[in-house]
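Close look at the chain arrangement
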Amino acid sequence: MLKNDIFERLTALLDTHNARYRVMEHATGGRSEEVANIRGTQLGQGAKGLVCHVKGNGYRQYILAVLPADQQADLATLARQTGGSRASLASPKEVSELTRCVFGAIPPFSFHPDLKLVADPFLFDRYDELAFNAGSLERSIILNTEDYRRIAIPELVAFRKKAD
C-alpha cells in the first residue's frame, strides 16, 4: 500500500485556498451515525464519498459520488445522469488505487485524474459546514460548505434516492 499522504494534500489544498476548516482527531467509528456522534456533528453534515464505476453506452468512468451521509445513492440515476447505463460500487482494490484510502476514509476530493468528482446538490442545502474523514478513519475535517464547493468544484448531479 502506498504511503497515505491524502491528509497532507487536503490540508495544503485547503490552506492554499484560505478555506475555513478545522481538524479533529478521534476514535475510529463504524457507521456514519457513530462518526457523527464522535465528531459532535449532525449525520446530514457528513459528506459521504462513494467510488463508483459507471459504464454503458460507450461510456466508462470512475466517479467519486458525494452526498450527505443521511442519504442513499441511486446508482441507476447516477449512471443515467453521467452518461452511462449502469453503475456499481468500485472494488476495494479500485478504491485503494483511485483514492489511496480505505472504505470510510475517502474525503470528498479527487486527487486522481481518472476519478471524476460529482456531488448531489442536496449536499449544499442544509448545513454551513461539512464533515468528512480525511484519508484516515481517525481524523476528520470539518469544512465550510461554500469553501468546499468553491475549492473542489464538483459537477452537480442529483443522484440521491428520493423518499416515495
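Residues numbered from 1 in each chain as written. Predicted model: local features only at pLDDT ≥ 70, side-chain atom pairs only at ≥ 80, totals over all residues. Heavy atoms only, no water.

It is worth spelling out the packing of aromatic side chains at this point. Taken as a whole and assessed by the stated rule, the structure comprises 3 aromatic pairs. Taking 5.2 Å as the distance between ring centres and 90° as the angle between the ring planes, the aromatic pair formed by Phe109 and Tyr148 counts as edge-to-face. Note that Phe109 is positioned in the loop between α4 (92–99) and β5 (115–119) and Tyr148 in helix α5 (residues 145–152), a separation of 39 residues in sequence. Taken as a pair, Phe109 and Tyr148 share a single burial class, namely buried. (Phe/Tyr/Trp six-rings, centres within 6.5 Å; stacked < 30°, edge-to-face > 60°. Helix = DSSP H or I, 4+ residues; strand = E, 2+ residues; numbered from the N terminus. Buried < 20%, exposed > 50% of the residue type's maximum accessible area, 1.4 Å probe, protein only.)

This part takes up the side chain of Arg160. Following the sequence through the fold, Arg160 ends up in the segment after β8 (155–156). A distance of 3.2 Å separates the side chain of Arg160 from the side chain of Gln71, its partner in a polar contact. The contact partners of Arg160, leaving out residues within four places of it in the chain, are Leu67, Gln71, Gln72, Asp74, Asp120 and Phe122. (Polar contact = N/O pair within 3.5 Å; in protein donor to acceptor, adjacent residues only side chain to side chain. Contact = heavy atoms within 4.5 Å.)

Moving on, we get to the sheet that holds strand β6 (residues 129–136). Across a sheet, paired strands are connected by hydrogen bonds in the backbone, their directions being either parallel or antiparallel. Taken in spatial order, the 3 strands of this open sheet run β1-β7-β6, and their pairing is antiparallel. Each having just a single partner strand, β1 (21–25) and β6 make up the two edges of the open sheet. Each neighbouring strand pair of the sheet contributes to a mean axis angle of 25°, computed without reference to strand direction. Judged from the 5 bridges that link them, β1 and strand β7 (residues 139–144) form a sheet pairing that is antiparallel. For Arg22, the partnering residue across the bridge sits in β7 and is Ile142. (Pairing = 2+ DSSP bridges. Axes fitted to C-alpha atoms, helices over the stretch in contact; angles between N-to-C directions.)

If the charged atoms of two oppositely charged side chains come close together, the side chains can form a pair. For the coordinates displayed, the defined rule picks out 11 salt bridges. Notably, a salt bridge pairs Asp5 with Arg100, separated by 3.4 Å at the nearest N-O pair. With Asp5 in the segment before α1 (6–16) and Arg100 in the loop between α4 and β5, the pair connects residues that are 95 residues apart, well separated along the chain. Overall, the relative accessible area of 22% leaves Arg100 in the partly exposed class. Put simply, Glu129 and Arg22 hold a salt bridge, and the shortest N to O gap is 2.8 Å. Of this pair, Glu129 sits in strand β6 while Arg22 sits in strand β1, and the two are 107 residues apart along the sequence. With relative accessibility at 40%, the residue Arg22 sits in the partly exposed group. (Salt bridge = Lys/Arg side-chain N within 4 Å of Asp/Glu carboxyl O.)

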